[in-house]
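# Topology and contacts: notes
One-letter residues, chain by chain:
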Amino acid sequence: MQTLPKPPVPNGSIATNLDDRLFDTTIHRRQTRPVQVGDITIGGGHPVVVQSMINEDTLDIPGSVAAIRRLHEIGCEIVRVTVPSLAHAKAMESIRKTLEDTYRPVPLVADVHHNGMKIALEVAKHVNKVRINPGLYVFEKPRADQDYSAAEFEAIGKKIRETLQPLVETLGEQNKCMRIGVNHGSLAERMVFTYGDTPLGMVESALEFLRICEDMQFQNLVISMKASRVPVMLAAYRLLAKRLDEAGMPYPIHLGVTEAGDGDYGRVKSTAGIATLLAEGIGDTIRVSLTEAPEKEIPVCYSILQSLGLRKTMVEYVACPSCGRTLFSLEEVLHQVREATKHLVGLDIAVMGCIVNGPGEMADADYGYVGKTPGTIALYRGRDEIKRVPETEGVSALIELIKADGRWVDPPTS
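Residues numbered from 1 in each chain as written. Predicted model: local features only at pLDDT ≥ 70, side-chain atom pairs only at ≥ 80, totals over all residues. Heavy atoms only, no water.

## Focus on the overall build of the protein chain
From N to C terminus, the protein chain includes 12 helices and 15 strands. Long-range contacts, defined here as pairs at least 24 residues apart, represent 64% of the contacts in the protein chain between residues at least 6 apart. When the accessible area of the protein chain is evaluated, it comes to approximately 19900 Å², of which 52% is carbon and sulfur surface. (Helix = DSSP H or I, 4+ residues; strand = E, 2+ residues; numbered from the N terminus. Contact = heavy atoms within 4.5 Å. Areas by Shrake-Rupley, 256 points an atom, 1.4 Å probe, with all protein chains shown as cover.)

Printed below as a string of structure tokens:
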């Protein structure tokens, strides 16, 4: 039997022999330039921004205003609205003014797709950002063959430049911004024929538009690479970040898994894509795309950000899964604790069923609620046990402890 040599351990520490990155618990975000969208800044080291999109027809001005306000009031920082026609684009003027008169200014994004130059030029007057889809912005006639000559490729590129230039100029004059939003499902035909229906084709599509903007000295840009399949989405965003960094283009990136669906699977699918990239330092703004009311997307966004330590917008609850050692109904007590404290911000509260899991596994929590003996709860501040109380008094005693520390605020009245 072969005996493997032991690795050297300088200064008696195993850690000194290992890559420091193995011990780094900090997410190092990709450095990006700041892009202003109304009163919100994307990139430049600012917190990751949460976005969503209303479902209302933009011609329904009262309905659209109400939908935008509902989203903004629950924490959606930028709201997107679809503008499929010139009439929809003009309606954005009334929507913006109504919001300002009856509520407050809200950062607005207009979603422009098919042959959108006239629509984009009109709506740029009334919103803070215009999103264009490179695959649909300039119409390309279907072809029977799958080859584009260099001259044909260049001719279409020239047409794109001519069509894009007026929008870039008007956005630049107004100090507004653009999202170059590539979708895997709507790549331009020549990109598919040249690069395949691949992440490479998605990235090349974005870079074509980005280079045109840079040639015009326009840098108020955000880029996205959305796909409905998580592996495609991950590959496209990773390649985009690599290509941007290699080219010295520190543009912020908008993350999303498009058409994620609904329910648990839609949430898991969105989290699998968005959280993976955020953990790698990629991403400056996110949208979770659910086939549900837009308001349902916002809690998922904040949960993703909080779980990664990128935003602290609610209480972080630490709770063991329960087992035969548990000394009370853990699920019921966790619900009680959550209902009593969910309005607080910035606290970590642990609910542990027995002394085995607590306090050791909840050592990083601000407060702990631990089953000590049958019918008795031990309350902790950090690692220190503060008092023991009957189980029936546990939640109220926890609240009193938080109040005594000056970290309690009364819940908002409905």
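So much for the structure itself; the text now carries on.
## Regarding the environment of Ala 319
Positionally, Ala 319 belongs in strand E11 (residues 316-319). With near-sequence residues (within four places) excluded, Ala 319 lies in contact with Leu 334 and Val 351.

## A word on the packing of aromatic side chains
Inspection of the entire model under this criterion finds 0 aromatic pairs. We note Arg 338 situated over the ring of Tyr 317; from NZ or CZ to the ring centre the distance is 4.6 Å. (Phe/Tyr/Trp six-rings, centres within 6.5 Å; stacked < 30°, edge-to-face > 60°. Lys NZ or Arg CZ within 6 Å of the ring centre and 35° of its normal.)

## So, the nonpolar core
Counting residues in hydrophobic clusters, the biggest one holds 83 residues, and the most contacted among them are Val 130, Leu 164, Leu 167, Met 178 and Met 225. Among the elements that line this core, the one with the most residues is helix H8 (residues 230-246), at 9 residues. Apart from the residues lying within four places of it in its own chain, the contact partners of Leu 167 are Ala 120, Leu 121, Ala 124, Val 130, Ile 132, Tyr 137 and Met 178. One finds Val 315, Tyr 380, Val 395 and Ile 399 within the second-largest nonpolar core, a separate group that totals 31 residues. (Core = buried A, V, L, I, M, F, W, Y, C linked by side-chain atoms within 4.5 Å. Buried < 20%, exposed > 50% of the residue type's maximum accessible area, 1.4 Å probe, protein only.)

## Comments concerning the pairing of strand E4 (residues 78-82)
Extensive coverage of E4 is indicated by the burial of 4 of its 5 residues. Pairing between strand E3 (residues 49-53) and E4: 3 bridges, direction parallel. What sits directly across from Gln 51, in E4, is Ile 78. At this point the chain moves from E3, through helix H1 (residues 61-73), to the parallel E4, and the crossover so formed is right-handed. (Pairing = 2+ DSSP bridges. Right-handed = clockwise from strand over helix to strand, strands pointing away.)

## Section: the sheet that holds strand E10 (residues 285-286)
Around the barrel, which closes on itself, the 8 strands sit in the order E3-E4-E5-E6-E7-E8-E9-E10 with parallel pairing between neighbours. Note: strand E8 (residues 221-226) against strand E9 (residues 253-255), 2 bridges, orientation parallel. Its bridge partner lying in E9, Ser 224 is registered against His 254.

## A look at unusual backbone geometry
The phi dihedral of Asn 175 is positive, around 55 degrees, even though this residue is not glycine. Residue placement: Asn 175 occurs in the loop between helix H5 (150-173) and strand E7 (177-183). At Gln 217, a residue that is not glycine, the phi angle is positive and equals roughly 60 degrees. Structurally, Gln 217 is set in the loop between helix H7 (199-215) and E8.

## A word on the environment of Val 337
The residue Val 337 is located in helix H11 (residues 330-341) in this model. Placed 59 residues apart in sequence, Val 337 and Ser 396 show a C-alpha to C-alpha distance of 9.1 Å. Once residues lying within four places of it in the same chain are set aside, the contact partners of Val 337 are Tyr 317, Ile 349, Val 351, Tyr 369, Val 395 and Leu 398.

## Remarks on the pattern of salt bridges
With the rule as written, the count across this model stands at 25 salt bridges. For the salt bridge of Arg 70 with Glu 295, the shortest nitrogen-to-oxygen distance reads 2.7 Å. Pair noted here: Arg 70 is in helix H1 and Glu 295 is in the loop between E10 and helix H10 (297-307), with a separation of 225 residues, a long-range link. Since its relative accessible area comes to 22%, Glu 295 is described here as partly exposed. A salt bridge links Arg 131 to Asp 111; the shortest N-O distance between them is 3.1 Å. (Salt bridge = Lys/Arg side-chain N within 4 Å of Asp/Glu carboxyl O.)

## A closer look at the sheet that holds E11
Pairing in this open sheet of 5 strands is mixed, and the strands run E11-E12-E13-E14-E15 from one edge to the other. At either margin of the open sheet sits one strand with a lone partner, and together these are E11 and strand E15 (384-390). Neighbour-to-neighbour, the strand axes of this sheet turn through a mean angle of 25 degrees, independent of strand direction. Bridge analysis of strand E13 (residues 367-373) against strand E14 (residues 376-381) gives 6 bridges, and the strand direction is antiparallel. Residue pairing across strands places Val 370 opposite Ala 378, the latter belonging to E14. (Axes fitted to C-alpha atoms, helices over the stretch in contact; angles between N-to-C directions.)

## Things to note about the packing of H11 against helix H12 (residues 394-404)
Packing of H11 against H12 brings their axes to within 10 Å, and their N-to-C directions diverge by 35 degrees. Here H11 runs over H12; the crossing is right-handed. Facing H11, whose interface residues are Gln 336, Val 337, Ala 340 and Thr 341, H12 presents Val 395, Leu 398, Ile 399 and Ile 402. Residues of the contact of H11 with H12, tallied by class, amount to 6 nonpolar, 2 polar and no charged. (Left-handed = near helix turned anticlockwise from the far one by under 90°. Nonpolar A, V, L, I, M, F, W, Y, C, P; charged D, E, K, R; others polar.)

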